[in-house]
Amino acid sequence: NAGVTQTPKFQVLKTGQSMTLQCAQDMNHNSMYWYRQDPGMGLRLIYYSASEGTTDKGEVPNGYNVSRLNKREFSLRLESAAPSQTSVYFCASISQGNNEQFFGPGTRLTVL
Amino acid sequence: AQKVTQAQTEISVVEKEDVTLDCVYETRDTTYYLFWYKQPPSGELVFLIRRNSFDEQNEISGRYSWNFQKSTSSFNFTITASQVVDSAVYFCALSEAWRGGGADGLTFGKGTHLIIQP
């Protein structure tokens, strides 16, 4: 039982490049989330998926797209990366029974 | 709209001192959940506690204790006899009740950086 996994762990992009951050969970959770963490800002919700086939915007969705590929996987795509998207990205899933969120290890993204 | 405020940006204490991290929240829901997470220098988020809005009992887990007071919308976290390994950033977070079977994520405070000096 790996919990929530994220790939890659680190990534450096140039402005304008695109990339996809991958997230998978093996706990059979319905809901999954993408957050970004910036210094002094805490974590902020980018997008979430309450169940397979649905996605919704969070607090800071601009510049991102998501895909809920199946129940296990929830990817985050940057179509044209900008320096303002330099951040640490966390994926999470939630246990509906007790509302506990399980977080992945994070992806540290730098956009030059 | 929901909001979590951690007014203490950074706290520095000497090892073995007790320290309390403050958390004040705002929500219009009557049913909600409160969380504390620890983020050590390695960067991962470590779950510490979850409390639902109907359970105002204080909780103690070893050197950690939590004081939930709905009257003041606070959920404070105390570390007794602090140790260097407690040095980390601590986040308080709020989740409102499930809507239609899905939860719309956590609202985090900005975190308190706790430094325990030997």
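Anything mentioned here points back to the structure above.
Owing to the predicted nature of the structure, the values given are computational and were not obtained by experimental measurement. (Residues numbered from 1 in each chain as written. Chains lettered and ligands numbered in written order. Predicted model: local features only at pLDDT ≥ 70, side-chain atom pairs only at ≥ 80, totals over all residues. Heavy atoms only, no water.)

Novice: Looking at this model, I keep getting lost on the nonpolar core. Mind explaining?
Specialist: Soluble globular proteins tend to pack their nonpolar side chains together in the buried interior. Ranked by size, the top nonpolar core spans 24 residues in total, and within it B:Leu21, B:Trp36, B:Trp66, B:Phe77, B:Tyr90 and B:Leu114 carry the most contacts. Sorting the residues of this core by element identifies strand 2 (10-14), strand 3 (19-21), strand 5 (32-39), strand 6 (46-52), strand 8 (64-69), strand 9 (74-79), strand 10 (88-96) and strand 12 (112-117) of chain B as the ones contributing at least two each. For this core, the leading source of residues is strand 10 of chain B, giving 4 residues. A:Val4, A:Met32, A:Ala81 and A:Cys91 belong to the second-largest nonpolar core, a separate cluster that totals 20 residues. (Core = buried A, V, L, I, M, F, W, Y, C linked by side-chain atoms within 4.5 Å. Buried < 20%, exposed > 50% of the residue type's maximum accessible area, 1.4 Å probe, protein only. Helix = DSSP H or I, 4+ residues; strand = E, 2+ residues; numbered from the N terminus.)

Novice: Just to check I follow, could you spell out the interface of chain B and chain A for this structure?
Specialist: When the parts come together, some accessible area is lost, and that loss is often what is quoted as the size of the interface. Tallying the contact residues gives 21 residues for chain B and 20 residues for chain A. Summing the contributions of chain B and of chain A, the shared interface buries around 1700 Å²; its carbon and sulfur component is 58%. Connecting chain B to chain A are 0 salt bridges. If you list the elements that add at least two residues to the side of chain B that touches chain A, you get strand 5, strand 6 and strand 10 of chain B. It is strand 5 of chain B that provides the largest number of residues to the side of chain B that touches chain A, a total of 4 residues. Tallied by class, the residues present in the side of chain B that touches chain A amount to 10 nonpolar, 7 polar and 4 charged. (Contact = heavy atoms within 4.5 Å. Buried area = accessible area lost by both parts, 1.4 Å probe. Salt bridge = Lys/Arg side-chain N within 4 Å of Asp/Glu carboxyl O. Nonpolar A, V, L, I, M, F, W, Y, C, P; charged D, E, K, R; others polar.)

Novice: Is there a simple way to think about unusual backbone geometry in this case?
Specialist: A negative phi angle characterises most non-glycine residues, just as the trans form characterises most peptide bonds. Cis rather than trans, the peptide bond between A:Thr7 and A:Pro8 has omega equal to -5°. Here A:Pro8 lies in the loop between strand 1 (4-7) and strand 2 (10-13). In this structure, B:Ser73 is a non-glycine residue whose phi angle is positive, near 50°. Its location among the elements puts B:Ser73 in the loop between strand 8 and strand 9.

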